[in-house]
Amino acid sequence: MSDQNSKSSRRNAMKMGIGLATIATAGVVSQPQAAEVKTPFTVSQVYIPIAGSSQEFPVRRVYCIGRNYAAHAREMGSDPTREPPFFFQKPTDAIQFVAPNKIIDHPYPTLTKNYHYEVELVAALNKGGKNIPFEKALEHVFGYALGLDMTRRDLQRFMGDQKKPWEIGKSFDFSAPIGPIYTVDKVGHFKNGAIGLSVNGITKQKADLSQMIWSVAEQIVKLSEANELFPGDIIYSGTPENVGPVVRGDIVRCSIAGLPDLAVKII
Ligand code: MN
């Protein structure tokens, strides 16, 4: 695009009320390019610390897969053998960083009387693409983290029963606690290994990552058919069976073999 054309398309864009960032790379779904845009206030970018690095991982989108372990799919009332994967999103600012080797306060949310934990492996991408082939899928993974897909189960079910979006049950402030991201060059890929969660020292969830119905690689393939993926996207890869409620005062401890445990106190 010539400088002149660029200026006139910007003027037109302003008339039409379209953000300059969109026009800067017309035809391509783009990340906002903040440096080019004047704004009346600032909006925070969400970051996740990268273990062993002074850099932090900038988060673009938070994807989550539903019912990705057979026993959990059954406990949620569906037949895991017949259903293709489905995904939902949480807002990036739902992320709550949970430092390892500490107990981090996690607020019990409003509107629910049945607040559930779901321990999950999270894959963090540093490469995007559309229709990513299976053989190349894991090349898009920058690293992995331990995460919690916290859920207002009563609202998720209530909305689902009414055939309404279940967003209020899944996508709310603090609903995505997560530990630091460990890079693939340090920890490799997580295709198997123990995943677990305890409440007040009592084991609640205990499974193996190999029991995922759709592997991380397959999730990247499927997601990239629905949306173009970009660096900064993270994927919560599903929870095993025995999800359950917490109340204020509970200590929830999460583990995945090969990563430090995370612990939160529900307050
Ligand atoms: Mn989940």
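The structure this text deals with has already been given above.
In short, a report on the structure. Every chain is numbered on its own, with residues counted from 1 as its sequence reads. Given that the model is predicted, a residue must reach a pLDDT of at least 70 before its local features are reported, and side-chain atom pairs must reach 80 or more before they are shown or counted; all residues, however, enter totals for whole chains, interfaces and linings. The basis for every side-chain value is the complete set of non-hydrogen atoms in the structure, without hydrogens or water.

What follows covers the pairing of strand β17 (residues 251–256). Here the term buried applies to any residue with accessible area under 20% of the maximum for its type, exposed to any over 50%, and partly exposed to those in between, with areas from a 1.4 Å probe on protein chains only. Helix numbers and strand numbers start at the N terminus; a helix is a DSSP run of H or I with at least 4 residues, a strand a run of E with at least 2. In β17, alternate side chains face the same way, and those of Val 252, Cys 254 and Ile 256 are buried while those of Ile 251, Arg 253 and Ser 255 on the opposite face are not. Two strands qualify as a pair provided that DSSP identifies no fewer than 2 bridges between them. Here strand β13 (residues 194–199) runs beside β17; their pairing, made up of 5 bridges, is antiparallel. Residue pairing for β17: Gly 196 is matched across the bridge by Ser 255. Relative to strand β18 (residues 262–266), β17 is paired through 4 bridges, and the arrangement is antiparallel. For Val 252, the partnering residue across the bridge sits in β18 and is Val 264. Counting the residues in the hairpin turn of β17 and β18 gives 5 residues, including Gly 258, whose phi is positive at 100°.

What follows covers the coordination of the manganese ion. Here the manganese ion is held by the protein donor atoms Glu 118 (OE), Glu 120 (OE) and Asp 149 (OD), which lie 2.0 to 2.1 Å from it. Any N, O or S atom lying within 2.8 Å of the metal counts as a donor, with the limit raised to 3.2 Å for Na, K and Ca; because water is left out of the atom set, some sites can appear incomplete. Spacing between the donor residues of the manganese ion along the chain follows E-x1-E-x28-D. Of this pair, Glu 118 sits in the loop between β7 (115–117) and β8 (119–125) while Asp 149 sits in the loop between β9 (141–148) and β10 (151–152), and the two are 31 residues apart along the sequence. One exposure class covers both Glu 118 and Asp 149, and it is buried.

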